[in-house]
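What the coordinates show
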Amino acid sequence: MTTTTLPAHHPARSGHEAISLQSVRKRYGTLTALDDLTLSVRTGELVALLGPNGAGKTTAISLMLGQVQPDAGHVQIFGADPRAAHVRARIGAMLQDVALPDGLSVRELLTLAAALYPRPLGVDAALDLADLRAQANMRAGRLSGGQTRRLSFALAIVGDPDVLFLDEPTVAMDVQSREAFWNGVHALRARGRTVLLTTHYLEEADRAADRIVVMNAGRVVADGTPAAVRASVGVTRVVFTTDLDLTGLRSLPHVESARLDEQGRAHLTSREPEALLAHLFARGVTIRDLEVARASLEDAFLTLTRTSN
Ligand SMILES: Nc1ncnc2c1ncn2[C@@H]1O[C@H](COP(=O)(O)OP(=O)(O)OP(=O)(O)O)[C@@H](O)[C@H]1O
């Protein structure tokens, strides 16, 4: 990968509040998209906003960008209205399904976007961080799906914003693009930038985020480090091979969730794994290749978004 020389670092004061949502409510007709949402992100944090489809993640980001107004509550970025010009100059966003003018080259688009910011990162640095050097002179309309996402990322960072909003940034990216993208995000974080992203790829959030906020039906249902969110649901994963079918597995005591994978292995989550295993042994159920492991973030996510419905 090309080495990037970044311009001088102008950190926002670390630990101060960058994003604040206070008791925010947003309705679309009779549908409540956000319901008393309170969320605070400090400068320098990388926060992953997770939630099933329709949980309200994109709506929350639209409010933070000042594109949508709350029906109740307050939204502030660096203590001010997100629509204020001095705040907008400190924000970068990579949103879903953005239409870009096809006829301009990658470099031309980045040059235009950089001109909107008072102290931009520079076009070459953005190209490097998004791994787009080779495509710099290509017209935007010729880019592949993954390259278009990388261009959206480059456009979001070219102004060197203090806060970066990334809505499902890695959708359509292949393995190399994802790696380049995460390297870019980590380089920005090393410069003290604040990042709030949404994703459905839980392992990415688990690996990269300082904090995970799980939303369901417009509310925050968990907020903490990845380890704390995993631990908060108090479930353990128990995996084994058995002759029991899914109905038999689900009817076992102390089982929170059960599924069979493609190989026919049973994946259970349980709050009382010892009692579950004791029951299986006492009943003489044949189990082979037993694995007991801490719950994954996916296990926690499924538990949190199921029980809070
Ligand atoms: N402009 C709109 N008009 C009407 N309803 C809307 C509008 N925008 C969002 N909604 C509804 O608000 C709810 C929250 O949507 P939102 O897009 O914020 O969810 P999300 O968590 O981002 O979902 P996904 O993971 O599918 O992107 C959904 O029920 C959605 O249908």
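Residues numbered from 1 in each chain as written. Predicted model: local features only at pLDDT ≥ 70, side-chain atom pairs only at ≥ 80, totals over all residues.

If you look the protein chain up in an unreviewed UniProt entry, it shows as Sulfate-transporting ATPase from Deinococcus maricopensis.

1. Focus on the site of the ligand
Short version of the rule: Using a C-beta atom placed from the backbone, a residue is described as near a molecule or strand when that atom lies within 6 Å of it. Only Asp, Glu, Lys and Arg are considered charged in this grouping, and only Ala, Val, Leu, Ile, Met, Phe, Trp, Tyr, Cys and Pro are considered nonpolar; every other residue, Gly among them, is considered polar.
In the neighbourhood of the ligand, the contacting residues comprise Tyr28, Leu31, Ala33, Gly51, Asn53, Gly54, Ala55, Gly56, Lys57, Thr58 and Thr59. Split into classes, the residues belonging to the shell around the ligand amount to four nonpolar, six polar and one charged.

2. Section: the sheet that holds strand β1 (residues 17-28)
Adjacent strands of a sheet pair through backbone hydrogen bonds, lying either parallel or antiparallel. To keep things clear, this is the line we draw: A strand pair is defined by DSSP finding two or more bridges across the two strands. Helix numbering and strand numbering both begin at the N terminus, where a helix is a DSSP run of H or I of at least 4 residues and a strand a DSSP run of E of at least 2. Here, axes are lines fitted to C-alpha atoms. For helices the fit covers the stretch in contact, and angles between N-to-C directions go from 0 to 180 degrees.
Pairing is antiparallel across the open sheet formed by three strands, whose spatial order is β2-β1-β4. The strands lining the two open edges of the sheet, one partner per strand, are β2 (31-42) and β4 (72-77). The mean angle between the axes of side-by-side strands here comes to 20°, regardless of whether they run parallel or antiparallel. Examined bridge by bridge, β1 and β4 share five bridges and lie antiparallel to one another.

3. Focus: the UniProt feature "domain: ABC transporter" (unreviewed entry) in the protein chain
Let me state the cut-off plainly: UniProt positions are given in the numbering used here, feature names are shortened, and annotations may be inferred rather than shown by experiment.
Here, UniProt's "domain: ABC transporter" (unreviewed entry) annotation points to residues 19-242. The span residues 19-242 carries 32% helix and 29% strand; its end-to-end C-alpha distance comes to 49 Å.

4. Notes on the pairing of strand β12 (residues 265-270)
Strand direction decides the pairing type here: strand β10 (residues 236-242) and β12, joined by six bridges, are antiparallel. Its bridge partner being in β12, Thr241 is matched across the sheet by Arg265. Across four bridges, strand β11 (residues 257-260) lies against β12 in antiparallel orientation. Counted as the bridge partner of Ser257 is Thr269 from β12. The antiparallel hairpin formed by β11 and β12 contains four residues in its connecting segment, where Gly264 sits at a positive phi of about 85°.

5. Quick look at the packing of helix α5 (residues 145-157) against helix α6 (residues 175-190)
Stated formally: These descriptions rest on fixed angle ranges, namely under 35 degrees for roughly parallel, over 145 for roughly antiparallel, 65 to 115 for roughly perpendicular, and the rest for oblique. Two residues qualify as being in contact provided that their C-beta atoms, derived from the backbone, are within 7 Å of each other.
Between α5 and α6, the shortest axis-to-axis distance is 11 Å and the interhelical angle comes to 10°. Relative to α6, the element α5 lies roughly parallel. When α5 is examined against α6, the residues Gly146, Arg150, Phe153 and Ile157 are found in contact with a partner set consisting of Ser177, Phe181, Gly184 and Leu188. Partitioned by chemical class, the residues of the contact of α5 with α6 number four nonpolar, three polar and one charged.

6. Focus: the sheet that holds strand β5 (residues 91-94)
Taken in spatial order, the six strands make up an open sheet running β5-β6-β7-β3-β8-β9, and their pairing is mixed. The sheet terminates laterally at β5 and β9 (219-224), the two strands that pair on one side only. Strand after strand, the sheet turns through a mean of 15° between neighbouring axes, direction not considered. In this structure, β5 lies alongside strand β6 (residues 163-167), joined through four bridges in parallel fashion. Paired with Gly92 across the bridge in β6 is Leu164. In the packing of helix α1 (residues 57-64) onto the sheet, the strands contacted are β3 (46-50), β6, β7 (194-198) and β8 (211-216), and the crossing angle to β6 comes to about 150°.

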